Amino acid sequence: AQTVTQSQPEMSVQEAETVTLSCTYDTSENNYYLFWYKQPPSRQMILVIRQEAYKQQNATENRFSVNFQKAAKSFSLKISDSQLGDTAMYFCAFMNRNQGGKLIFGQGTELSVKP
Amino acid sequence: DVKVTQSSRYLVKRTGEKVFLECVQDMDHENMFWYRQDPGLGLRLIYFSYDVKMKEKGDIPEGYSVSREKKERFSLILESASTNQTSMYLCASSPGQGMGGYTFGSGTRLTVV
């Protein structure tokens, strides 16, 4: 069975600084996707970034980038130039492409961006 | 704007009641999912469906059932609500194999007293 672990329940960062959220996962599969989702206080889950396991290049979306270490089964999210609107719960998630569209989520990291 | 709509944002029910949580999507998505969100546990999959009248158990199906009579609607049923089912419930949908293209509802905060 696949598992996803986020070991940082809470983090804080000053506005305009950079922060990295950690995520590790366990799987014996080779064909999978990894994701970071954001859940602001409004509770609406938003996809932040997606990484396909067969791609070596780390995914980037504006201020958000990942460090994907396949051998180490690590998938961290870096947020550059943090903004107050980045305050949210962040979830790391795993999808085994051979098991349809099911997402397996980590425990979440609550990020606070301070002015 | 495409969306997944959950019928209630907050719900309070009594122990032993039968509870229906409704979810409707307007994107013609094949896949629909029900997750439960608890602090420190993240989101856990209760049930999912890849097609009308089809359902599959997720990781924590005990105490729940689902119904998908129409493609756009996926209902979660608590046959006899218990206090340990107090939680946030999130519905999501995705097209085909999904590939992470989930659209989530805004969640229903259920309290069982």
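Our subject is the structure listed above.
Here's a quick rundown of the structure. Each chain carries its own residue numbering, running from 1 in the direction its sequence is written. Each chain is given a letter, starting from A, and each ligand a number, starting from 1, according to the order in which they appear as written. Where totals are concerned, whole chains, interfaces and linings use all residues; where local detail is concerned, this predicted model gives features only for residues with pLDDT of at least 70, and gives and counts side-chain atom pairs only at 80 or more. The side-chain values count all of the structure's non-hydrogen atoms but skip hydrogen atoms and water molecules.

### Details of the overall build of chain A
Moving on, step 1. The way it works is that DSSP assigns letters per residue, a run of H or I at least four long becomes a helix, a run of E at least two long becomes a strand, and they are numbered from the N terminus. Of regular secondary structure, chain A possesses 0 helices and 12 strands.
Moving on, step 2. Helices and strands appear in chain A in the N-to-C order β-β-β-β-β-β-β-β-β-β-β-β.
Moving on, step 3. Only C-alpha atoms enter the radius of gyration, while the globule expectation follows 2.2 Å times N to the 0.38, with N the number of residues. The globule rule puts the C-alpha radius of gyration for 115 residues at 13 Å, and the 14 Å found for chain A is close to it.
Moving on, step 4. Here the C-alpha coordinates of chain A stretch approximately 45 × 25 × 20 Å along the principal axes.

### Some remarks on the layout of surface pockets
Moving on, step 1. Cavity means a closed set of points on a 1 Å grid over the protein atoms alone, one where a 1.4 Å probe fits but cannot get out, pocket means an open set with protein on both sides within 12 Å along at least 5 of 7 lines, and lining means a residue has an atom within 4 Å of a point. Grid points are joined across faces, edges and corners, and a volume is the space filled by probe spheres set on the points. Taken as a whole, the largest pocket spans an internal volume of roughly 430 Å³.
Moving on, step 2. Considering the residues around the largest pocket, the lining is formed by 22 residues, among which A:Gln39, A:Met89, A:Phe91, A:Glu110 and B:Gln37 are closest to the centre.
Moving on, step 3. At the level of elements, β10 (88-96) and β12 (109-114) of chain A together with β5 (31-38) of chain B are the ones that each hand at least two residues to the lining of the largest pocket.
Moving on, step 4. Across the lining of the largest pocket, the residue classes break down as 9 nonpolar, 8 polar and 5 charged.
Moving on, step 5. Taken together, 19 residues form the lining of the second largest pocket, with A:Gln2, A:Leu103, A:Ile104, A:Phe105 and B:Asp59 sitting closest to its centre.
Moving on, step 6. Every element with two or more residues in the lining of the second largest pocket is listed here: β1 (3-5) and β11 (104-105) of chain A together with β6 (42-49) of chain B.
Moving on, step 7. Per-element accounting of the lining of the second largest pocket gives the leading share, 3 residues, to β6(B).
Moving on, step 8. Under the grouping applied here, Gly and all other residues not named as nonpolar or charged are polar, the nonpolar ones being Ala, Val, Leu, Ile, Met, Phe, Trp, Tyr, Cys and Pro and the charged ones Asp, Glu, Lys and Arg. Looking at the lining of the second largest pocket residue by residue, the class counts come to 9 nonpolar, 7 polar and 3 charged.

### Quick word on unusual backbone geometry
Moving on, step 1. Even without glycine at this site, A:Lys73 takes up a positive phi of about 55°.
Moving on, step 2. Examined against the element boundaries, A:Lys73 turns out to sit in the loop between β8 (64-69) and β9 (74-79).
Moving on, step 3. Positive phi values are uncommon outside glycine, yet B:Asp28 reaches one of about 60°.
Moving on, step 4. Relative to the helices and strands, B:Asp28 is located in the loop between β4 (23-25) and β5.
Moving on, step 5. Here's how the labels work: a residue is buried when its accessible area is under 20% of the maximum for its type, exposed when over 50%, partly exposed in between, all with a 1.4 Å probe on protein chains only. Residue class for B:Asp28 comes out exposed when judged on its relative accessible area of 53%.

### Some remarks on the state of the cysteines
Residues and elements named next belong to chain B.
Moving on, step 1. Two cysteine sulfur atoms make up a disulfide if the distance between them is within 2.5 Å. With the rule as written, the count across this model stands at 2 disulfides over all chains.
Moving on, step 2. Put simply, Cys23 and Cys91 are joined by a disulfide, and their sulfur atoms are 1.9 Å apart. Negative torsions about the S-S bond denote left-handed disulfides, and the value of about -80° found for Cys23 with Cys91 makes this one left-handed. Taken together, the residues span a long stretch of sequence, with Cys23 in strand β4 and Cys91 in strand β10 (residues 87-94) at a distance of 68 residues. Here Cys23 and Cys91 have matching classes, each one buried.

### Here we look at the nonpolar core
Moving on, step 1. Formed by 25 residues in total, the largest nonpolar core has its most connected members in A:Tyr25, A:Trp36, A:Phe75, A:Leu77 and A:Tyr90.
Moving on, step 2. For this core, the secondary structure elements donating two or more residues are β3 (19-21), β5 (32-39), β6 (46-52), β8, β9, β10 and β12 of chain A.
Moving on, step 3. The element that contributes the greatest number of residues to this core is β10(A), accounting for 4 residues.
Moving on, step 4. What we call a nonpolar core is a set of buried Ala, Val, Leu, Ile, Met, Phe, Trp, Tyr and Cys residues that are connected through their side-chain atoms within 4.5 Å. Membership of the second largest hydrophobic core comes to 21 residues, among which are B:Val19, B:Leu21, B:Cys23 and B:Trp34.

Worth remembering: the numbers are spatial, not functional.
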